[in-house]
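Coordinates in review
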Amino acid sequence: MNFFDLTGKNAIIFGGAGGLGKLIAREYALAGAKVAIASRSEEKLAAAVADLKAETGLEDAFRYYVCDATDEPAVEATAKKANEEMGPVTILVNSQGINKKFPVFEFAVEDFNNVMNANVTSILITAKHFAPYMKEAHYGKIVNVSSVRGRIATKGPGNAAYCSSKGAEDMLTKVLAAELGPYGITVNAFGPNIMKTPMMNKIFEMRANEAGITVEEYLDRQAANLPLRRMSDPIDCVGTALFLAAPASDFLTGNLLYPDGGLTAIG
Ligand SMILES: NC(=O)c1ccc[n+]([C@@H]2O[C@H](COP(=O)([O-])OP(=O)(O)OC[C@H]3O[C@@H](n4cnc5c(N)ncnc54)[C@H](OP(=O)(O)O)[C@@H]3O)[C@@H](O)[C@H]2O)c1
């Protein structure tokens, strides 16, 4: 058996036009899978698919579905369409997510709920509507992109919603693993440390401004605190994402892995 071969498999990646999701989409296709990416902006999805085709030369490997992962009827319809058009979709990656940062004293409940909805409820919805097709196939892999912030809170203000959402995502991963395991479906999550993706750019600028330093200096300081002495790039997480979608992890479920340069070892 080739433990990392995805030939013949169909995958859908929510948030697949994003900084991390797009790299995962590319890697899965290079491992042999047909890959759909899904999120809200058609413009970003179309551009990402065009890039992915050009980068890999794999003209038939990619497609997209416009779908808000918090909109249950839309996810249900996308699950039906993707399974009809691609064949059984047995790999689901939840790489969608948002972050809203306010000190607790100023955190509007609506903002808090929006983060929980985008980062946690969306995972229940995608699992609920894609798992029945995996159950039919007697095989499935659900890969949730969590964060070290599900396990370690930040010292500074601003992360009440994000950390709570990632902690909840970790527990939802375990519950889904317990409930879906009897149908041959594994559910795992991995938690990156901060990476340089569009989601983080504004936050890096904010933190650097607060400290009165440049973004580069801020990133160097962050790196100096890690065992591996460098910041993560999204590519550092792609091997873990492949492992969790591939036969290599078929007996692993309900687990949280941390491609984080060692932060959780010392955090
Ligand atoms: N970047 C980091 O430092 C970091 C660190 C730890 C964990 N993570 C996690 O990694 C995952 C990917 O983040 P990223 O860094 O790649 O961020 P990103 O570049 O901002 O990508 C996030 C993607 O999620 C999509 N999205 C947001 N809300 C959605 C919804 N309701 N339905 C469908 N798609 C939605 C966005 O597309 P649309 O806006 O078009 O919908 C976007 O493509 C997230 O779960 C994030 O929490 C990131």
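Just so we're clear, the structure is a prediction, and the values are computed from it rather than from any experiment. (Residues numbered from 1 in each chain as written. Predicted model: local features only at pLDDT ≥ 70, side-chain atom pairs only at ≥ 80, totals over all residues.)

Side note on the sheet that holds strand β5 (residues 140-145)
If you walk across this open sheet you meet the seven strands as β3-β2-β1-β4-β5-β6-β7, and the pairing is parallel. Strands at the two margins of the open sheet, each flanked by one partner only, are β3 (62-66) and β7 (256-257). When strand β1 (residues 10-14) meets strand β2 (residues 34-39), the two strands line up parallel, connected through five bridges. When the bridges of β2 are listed, N10 appears paired with K34. Along the sheet face, helix α2 (residues 42-56) touches β2 and β3 and points at about 175° away from the line of β3. Its contacts with the sheet place helix α8 (residues 238-245) against β1, β4 (89-94), β5, β6 (185-190) and β7, and it is angled at close to 155° to β5. (Pairing = 2+ DSSP bridges. Helix = DSSP H or I, 4+ residues; strand = E, 2+ residues; numbered from the N terminus. Contact = placed C-beta atoms within 7 Å. Axes fitted to C-alpha atoms, helices over the stretch in contact; angles between N-to-C directions.)

Re the site of the ligand
Every one of the 29 residues lining the ligand counts as a neighbour, but G15, G18, R40, G97 and M199 are closest to it. If you list the elements that add at least two residues to the shell around the ligand, you get α1 (19-30), α4 (109-137) and α6 (198-211). When the residues that make up the shell around the ligand are grouped by side-chain class, the tally is 13 nonpolar, 13 polar and three charged. For the shell around the ligand, the domains that each give at least three residues are domain 1 (10-193 + 233-259) and domain 2 (196-231). (Near = placed C-beta within 6 Å. Nonpolar A, V, L, I, M, F, W, Y, C, P; charged D, E, K, R; others polar. Domains from an automatic or database assignment.)

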